[in-house]
Each structure stands twice: as structure tokens, then as C-alpha cells.
Amino acid sequence: MEENCSKIVDPRLDNAQWANVLVQALPYFKQWVGKIVVVKYGGNAMLNEELKEDVMEDIVLLSTIGIHVVLVHGGGPEINHMLDRVGKKSEFVNGLRYTDAETMEIVQMVLTGKLNKDIVGILLQNGGKAVGLSGVDSGLLRAKKINKDGADLGFVGEVTEVHPEIILSLIAQGFIPVVSTVALGEDGDMNRYNINADTAAAKIAVALKAEKFVQLTNVPGVLKDINDPHSLLQRIRSEDVDSLIADGTIAGGMIPKIECCMLARKGGVPRTHIIDGRVPHSLLIEMFSDRGIGTMIY
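Let me sum up the structure you'll find in this document.

1. What about the sheet that holds strand E8 (residues 176–180)?
The pairing of strands in a sheet comes from backbone hydrogen bonds and takes either a parallel or an antiparallel form. Taken in spatial order, the eight strands make up an open sheet running E5-E8-E2-E1-E11-E13-E14-E12, and their pairing is mixed. The sheet is open, and its two borders are formed by strand E5 (130–134) and strand E12 (235–236), each paired with just one other strand. In terms of strand pairing, strand E2 (residues 68–73) meets E8 through three bridges, oriented parallel. Across the sheet, Val72 pairs through a bridge with Val179, a residue of E8. Contacts from helix H10 (residues 254–266) reach strand E11 (212–217), strand E13 (271–276) and strand E14 (295–297) within the one sheet, and its direction differs from that of E13 by about 155 degrees.

Here it is as C-alpha cells:
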């Protein structure tokens with residue numbers, strides 16, 4: 001714990017300043033201990049090895065003090081890399097990956113066989129207790145095939161059911177569940193489906209009655225001016241989201257992330273956040289300071 005903290009806190013702080021940091025964090029420790037926090041992990045924080053280490057250290061620290069973190073991850077860039085290696089060309093329909101049977105095998109291999117276990121390994125090496133799952137395990141995620149605007153996407157699905165018992169069992173035993181978003185078809189459908197990790201994470205947060213849903217992304221949050229990183233909107237009320245989409249403040253790739261936050265909010269999750277995974281230890285800053293980081297939808 002001391003070693004991890006020395007990496008997080010500026011070594012130039014004197015003892016009084018360091019003590020003040022701890023005192024300011026204490027109320028947040030008390031607020032979150034025993035609560036479930038679902039973190040969607042992807043983007044740059046997943047590709048950069050140093051940032052990946054920071055995220056895992058944060059999660060182990062949270063778990064150590066009694067906060068129940070559930071980590072849900074995607075892996076689009078790694079899937080693309082593997083498809084390139086085997087000479088399989090990626091096809092996209094309306095912005096979504098077309099997933100034929102061969103591609104689905106590679107998706108499952110990369111997400112559940114490689115990335116999931118890599119993440120679990122790093123958590124273990126940092127002193128955490130972690131177990132890797134896919135949405136197939138214990139029927140955690142059930143899905144149905146979707147079409148996008150009438151276009152066939154192959155084995156791309158949307159979550160229809162979440163059965164969180166396996167996650168709750170692991171949490172009760174002190175484990176950090178790490179979930180890859182491959183889902184089993186509904187009853188009678190033995191196919192596996194590639195699921196959007198942001199949406200899956202939001203639905204898992206709802207099923208777990210989580211206190212907080214956090215998306216680690218490649219952007220600072222919602223910006224008033226996309227070209228000005230200092231124009232961050234730190235707080236957005238749920239009822240203001242539609243007007244911000246209408247006036248173009250929320251646009252492009254930010255819309256589906258906001259929609260996932262709204263999905264979690266409507267399902268009963270009190271706080272949802274979009275934070276910049278490129279900032280070292282952004283998760284700790286969000287959890288344990290009054291400054292926060294990124295955008296909160298509340």
C-alpha cells in the first residue's frame with residue numbers, strides 16, 4: 001500500500017501536505033466502502049502499458065479498502081490487430097464491425113483467452129484477487145442478434161438479460177471480477193455474440209445495483225468546444241442531455257457513451273461518469289477528491 005501511494009502522490013509534498021491529502025480523501029473512503037463500482041475499461045488506457053499499470057494499481061487499492069470493483073473490458077484495437085495477423089479484413093456496417101463466424105472465433109479468442117487473462121494477471125501481480133469471466137460463464141450475459149438500420153451484422157448482439165449471481169458470489173469472496181463482453185444467445189440459441197462493451201457494462205451496473213458507473217475513455221469528457229480541452233462540462237443533469245445533443249455540444253462518438261450513462265441512470269445507478277483514461281490514476285482522482293475528473297451525469 002505504501003509503495004503504491006508513493007507512486008500516486010507527488011514526492012515533493014511535505015508531510016503536512018501528504019497528511020492533508022489523506023484527510024481530504026477519508027470521507028470518500030467511508031462513502032464508497034462496501035459499495036459496487038462498475039468500471040468500463042478500454043481505449044488508450046488499455047493500449048498504453050504504463051497507463052494500464054496505473055489503472056490496475058487503482059483498482060487493487062479500491063478493492064483493498066473494501067470497494068467492490070467490477071471491471072468490464074472491450075478490446076477493439078487488439079481484435080483488429082489479430083484479424084490483420086491472420087489476414088482477415090475487417091468490415092464495418094454503419095460503424096459496427098460485421099462479425100461472421102470466423103471473426104467471432106477470433107473475437108472470443110482475443111477477448112476471453114488473451115486480454116481477459118492479461119488483465120487478471122496484472123491485478124494479481126499488483127496484490128489483488130481477481131477472476132476472469134466472459135458473458136458466457138454462468139449465463140452472465142444473454143443476447144439476441146441485432147440488425148443496424150436493417151443491415152445484417154452477423155454475430156453482433158445486444159444484451160437482453162443479465163444474470164449477475166456469479167459476480168455477486170465473487171464479490172462476496174473478495175474477488176475483483178473481470179468481465180469480457182462475449183455473450184451467449186437466448187434460450188435455444190447456442191451462438192456466441194460480440195457485444196458492445198460500453199452497453200454491456202451499463203447493463204451490468206444496473207443488474208448489480210451499482211453506486212457508480214465509470215467509463216474510461218480517450219477524451220477529457222464532454223467539451224463545450226471540441227477544440228478546447230479547458231471547456232469541460234464537469235456535471236450534466238440527466239434532464240439536460242437531450243438539449244445538449246440537439247445543440248451539438250454532445251456529438252459524434254460521445255453520443256453512445258452518454259447514452260450508456262443514461263441507460264445506467266434510468267436503471268437506478270445514481271452516478272455515472274466519463275473520465276479520461278489517459279490521465280494517470282484518473283480513477284483515484286474521481287473516487288477520492290472533490291475536484292473529480294471528466295464529466296458526471298447525475
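2. Let's talk about the sheet that holds strand E9 (residues 182–185)
Here we have four strands rolled up into a closed barrel, ordered E6-E7-E10-E9, and mixed in their pairing. Along the sheet, successive strands turn relative to each other by an average axial angle of 65 degrees, direction set aside. Pairing of strand E6 (residues 141–148) with strand E7 (residues 151–162), which is carried by seven bridges, proceeds in the antiparallel orientation. Bridge pairing in E7 links Lys148 to Ala151. The strands that helix H8 (residues 197–207) touches are E6, E7 and strand E10 (192–195); relative to E7, the one it contacts most, it runs at about 15 degrees.

3. Quick look at the pattern of salt bridges
Scanning the model with the defined rule gives 13 salt bridges in all. For the salt bridge of Glu49 with Lys52, the shortest nitrogen-to-oxygen distance reads 3.4 Å. Separated by three residues within a single helix, Glu49 and Lys52 lie in helix H4 (residues 49–64), roughly one turn from each other. On the basis of relative accessible area, Lys52 is assigned to the buried category, the value being 10%. A salt bridge links Lys145 to Asp152; the nearest nitrogen and oxygen atoms lie 2.7 Å apart. Accessibility expressed as a relative area gives 41% for Lys145, which makes it partly exposed.

Definitions and limits used
- Residues numbered from 1 in each chain as written.
- Predicted model: local features only at pLDDT ≥ 70, side-chain atom pairs only at ≥ 80, totals over all residues.
- Heavy atoms only, no water.
- Pairing = 2+ DSSP bridges.
- Helix = DSSP H or I, 4+ residues; strand = E, 2+ residues; numbered from the N terminus.
- Contact = heavy atoms within 4.5 Å.
- Axes fitted to C-alpha atoms, helices over the stretch in contact; angles between N-to-C directions.
- Salt bridge = Lys/Arg side-chain N within 4 Å of Asp/Glu carboxyl O.
- Buried < 20%, exposed > 50% of the residue type's maximum accessible area, 1.4 Å probe, protein only.

Remember, this is a structural readout, not a statement about activity or role.
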